[in-house]
Amino acid sequence: METVGQHKDSMRSFSEKSKKPCHCTKSQCLKLYCDCFANGEICSDCSCINCCNNMEHATDRYRAIKTCLDRNPDAFRSKINSSIQGDVKGSHTRGCNCKSSGCLKNYCECYKAKIMCSSVCKCVSCSNYSRSEVKESAVEKSSHSDYSSTHRTAKSSVSCITDAVVEATCGCLLAQAEEAEKEGLTRVQAERATLEEFGHCLTQIVHFMFKHTHTQR
DNA sequence: GAGTTTGAAACT
DNA sequence: CAGTTTCAAACTC
């Protein structure tokens, strides 16, 4: 038999899209530290202390919202650009700044949003990119957290062809050549396959450059 | 559940 | 704008 409480819970989760309750203690839920506030929502069923993120404190709340908007007009906009021409991927508008998580834990806003890090990120030792897209990620990596490549190149789209990109491209070509050898292709066939791979690499690079001349700014 | 780690947000 | 502090979530034990 269903209890009243259970019913209430199911109604709640239905009407509130299972909003996560916050546990703020010091921010009064009036700063962006509070997820409810940051999502533009009123606290409900949270375990926060001294909460002012409700209609009883409407004035304080509006004032806090204004303060945030003064600081950043996009403060309440989604930080995720949801699409790149229908692609599943998105990108973080400001990127992350992770140092210790490798961008592989939920501390990382990109990882949490299930998106890969991009050139706007300033993360260190990033591992948040797809292995199957080594080429593209190498392009991206080279322009953010790649400290192994001697010095940082400017984040301009023109400087996409960095050491890391060259290295990744060579890696792809080598892999292709090895594969051709393993498959027992003739020399001509192998050369053709490798050249085609080179073409793919160039396409990726050009796509990336194009993409970022449009997404950045 | 307490304690630690983490990185965004806030502050200086 | 860079460095530091505050904060709450994520994580670990």
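To be clear, the structure that these remarks concern was listed above.
(A) Representation of the protein's contact with DNA strand B in the model. Every one of the 15 residues lining DNA strand B counts as a neighbour, but K31, Y33, R71, K79 and S101 are closest to it. Expressed as a percentage, the sugar and phosphate content of the atoms of DNA strand B within 4 Å of the protein is 91%. K31 is positioned with one of its side-chain polar atoms (N or O) 2.8 Å from a phosphate oxygen of DNA strand B. Class assignment for the residues of the surface near DNA strand B results in six nonpolar, three polar and six charged.

(B) Inspection of the protein's contact with DNA strand C at higher detail. Inspection of the region around DNA strand C gives 13 residues, with S27, Y33, N106, Y107 and K112 positioned closest. Within 4 Å of the protein, the contacting atoms of DNA strand C are 88% sugar and phosphate, with bases supplying the remainder. Within the backbone of K26, one N or O atom sits 3.2 Å away from a phosphate oxygen of DNA strand C. Here a base oxygen of DNA strand C and a side-chain polar atom of Y33 are 2.9 Å apart. Within the surface near DNA strand C, the residues separate by chemical class into four nonpolar, four polar and five charged.

(C) Broad picture of the environment of C46. Inspection of the secondary structure assignment puts C46 in the loop between α2 (35-38) and α3 (58-71). Through-space distance from the C-alpha of C46 to that of C36 is 9.1 Å; in sequence the pair is ten residues apart. Look past the residues within four positions of C46 in its chain and what remains in contact with it is K19, P21, C22 and C36.

(D) Geometry of the nonpolar core. One finds C22, C24, C29, C34, F37, C43 and C48 to be the most contacted residues of the largest nonpolar core, which totals 15 residues. Among the elements of the structure, α2 and α3 are those that each provide at least two residues to this core. Here the element with the most residues in this core is α3; it accounts for three residues. Formed by ten residues, the second largest nonpolar core is a distinct cluster that contains C96, C103, C108 and C110.

Procedures and definitions
- Residues numbered from 1 in each chain as written.
- Chains lettered and ligands numbered in written order.
- Predicted model: local features only at pLDDT ≥ 70, side-chain atom pairs only at ≥ 80, totals over all residues.
- Heavy atoms only, no water.
- Near = heavy atom within 4 Å.
- Polar contact = N/O pair within 3.5 Å; in protein donor to acceptor, adjacent residues only side chain to side chain.
- Nonpolar A, V, L, I, M, F, W, Y, C, P; charged D, E, K, R; others polar.
- Helix = DSSP H or I, 4+ residues; strand = E, 2+ residues; numbered from the N terminus.
- Contact = heavy atoms within 4.5 Å.
- Core = buried A, V, L, I, M, F, W, Y, C linked by side-chain atoms within 4.5 Å.
- Buried < 20%, exposed > 50% of the residue type's maximum accessible area, 1.4 Å probe, protein only.

So yeah, pure geometry; function would need other evidence.
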